[in-house]
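Coordinate analysis (summary)
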Amino acid sequence: MIDVKNLEKTFGDHKVLAGINEHIYPGEKVVVIGPSGSGKSTFLRCLNLLEEPTAGTITVDGEDITDPKTDIDKVRQKMGMVFQQFNLFPHLTIKENIKLAPVTLKLMSDSEAEQKAMELLERVGLPDKAEAYPKQLSGGQQQRIAIARALAMNPEVMLFDEPTSALDPEMVGEVLQLMKELADDGMTMVVVTHEMGFAREVGTRVLFMDGGNIAEQNNPKDFFENPKNPRLQEFLSKVL
Ligand code: ADP
Ligand code: MG
């Protein structure tokens, strides 16, 4: 579904992605871990061109999205993104937040988007919050709404960048549970996280990023039980 070839990203003279090659297949749940500054967010942001790659190609469903002729809005519609900070629009109600993109991009009529929003609010367990404003919700609830908002575009892939890192500990579980349900429904997911339990339980493959490279990758069992890269061994000894 996503095919990354020799992806490089440089900020000034700092090479943040050093030539990444990766394939993500439909239905995979790829979990990305690694130290702070290793390029995890930059990698994720390149996948939907929130960052413009310095070199290399990214192909999504057979279409080279790094080709200037590609309609990037069309590509982004296939990829929902959820950030550490929920980024809900504070002046819009929860329902308006969810409806905004599909209506603005004319992908749905107002009534279709309305119906979709209510379905999604049921799905994330917050149907009674439709008319509330983001600041009236807890952090965990806001993140569940941010996930619903991304799902409103019927994406083929969901990209998560540390979705639980800004949450109080007691709210982490509800967001991970929702992500697990999405995974069980067959969604293709790429998840940057420090939640090793999630990586083990939900991941179909775990990648370790270090210094702008994917230094090791494996199925979760072998990744955690038999890490080979010394940097990964050191990283796991600190986080497990
Ligand atoms: P991670 O998500 O693994 O913590 P990032 O992808 O955010 O790492 O960052 C990797 C490196 O790139 C860091 O050294 C960071 O300072 C740098 N970086 C990220 N974004 C920018 C930017 N917009 N401008 C300059 N440097 C950046
Ligand atoms: Mg990051």
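Residues numbered from 1 in each chain as written. Chains lettered and ligands numbered in written order. Predicted model: local features only at pLDDT ≥ 70, side-chain atom pairs only at ≥ 80, totals over all residues. Heavy atoms only, no water.

The criterion, for reference: UniProt positions are given in the numbering used here, feature names are shortened, and annotations may be inferred rather than shown by experiment.
Named according to an unreviewed UniProt entry, the protein chain is Arginine ABC transporter, ATP-binding protein ArtM originating from Eubacterium ramulus ATCC 29099. Under the Subcellular location (unreviewed entry) heading, UniProt states for the protein chain: "Cell membrane". The protein chain has a UniProt comment under Sequence similarities (unreviewed entry) that states "Belongs to the ABC transporter superfamily."

Quick notes on the pairing of strand β8 (residues 188–192)
For clarity, the threshold we go by: A 1.4 Å probe rolled over the protein chains alone gives each residue an accessible area, and that area as a share of the maximum for its type sets the label: buried under 20%, exposed over 50%, partly exposed in between. For the purposes of this entry, the term helix denotes a DSSP run of H or I that reaches at least four residues, the term strand denotes a run of E that reaches at least two, and both are numbered from the N terminus. Only strands joined by at least two bridges in the DSSP assignment are considered to pair. Orienting the strands away from the viewer, one traces the path from the first strand over the helix to the second; a clockwise path indicates a right-handed crossover.
Across the five residues of β8, five count as buried, placing the element largely inside the fold. Side chains Thr188, Val190 and Val192 project from β8 onto one buried face, and the interleaved Met189 and Val191 project onto a second face that is buried too. Strand direction decides the pairing type here: strand β3 (residues 29–33) and β8, joined by four bridges, are parallel. Paired with Val32 across the strands is Val192, a residue of β8. As judged from the five bridges shared by strand β7 (residues 157–161) and β8, these two strands associate in the parallel manner. Residue pairing in the sheet places Asp161 in a bridge with Val192 of β8. With respect to chirality, the unit in which β7 leads through helix α6 (residues 169–184) into the neighbouring parallel β8 is right-handed.

What about the pattern of salt bridges?
Heads up, the condition is: Salt-bridge detection follows one rule: a side-chain nitrogen of Lys or Arg within 4 Å of a carboxyl oxygen of Asp or Glu.
If you walk through the whole model with that rule in mind, you get 18 salt bridges. Residues Asp185 and Arg123 are paired through a salt bridge, measuring 2.5 Å at the closest nitrogen-oxygen approach. A residue pair is termed long-range when its members are at least 10 positions apart, and Asp185 in the loop between α6 and β8 and Arg123 in helix α4 (residues 110–123) qualify at 62 residues. Given a relative accessible area of 56%, Asp185 falls into the exposed group. Using a relative accessible area of 36% as the deciding quantity, one classes Arg123 as partly exposed. Residue Lys180 is joined to Asp184 by a salt bridge in which the shortest nitrogen-to-oxygen separation is 3.4 Å. Of this pair, Lys180 and Asp184 both sit in helix α6, four residues apart, roughly one helical turn. By relative accessible area, Asp184 is classed as exposed at 58%. Sharing partners across several salt bridges, the network here consists of Lys95, Lys99, Asp110, Glu114 and Glu131.

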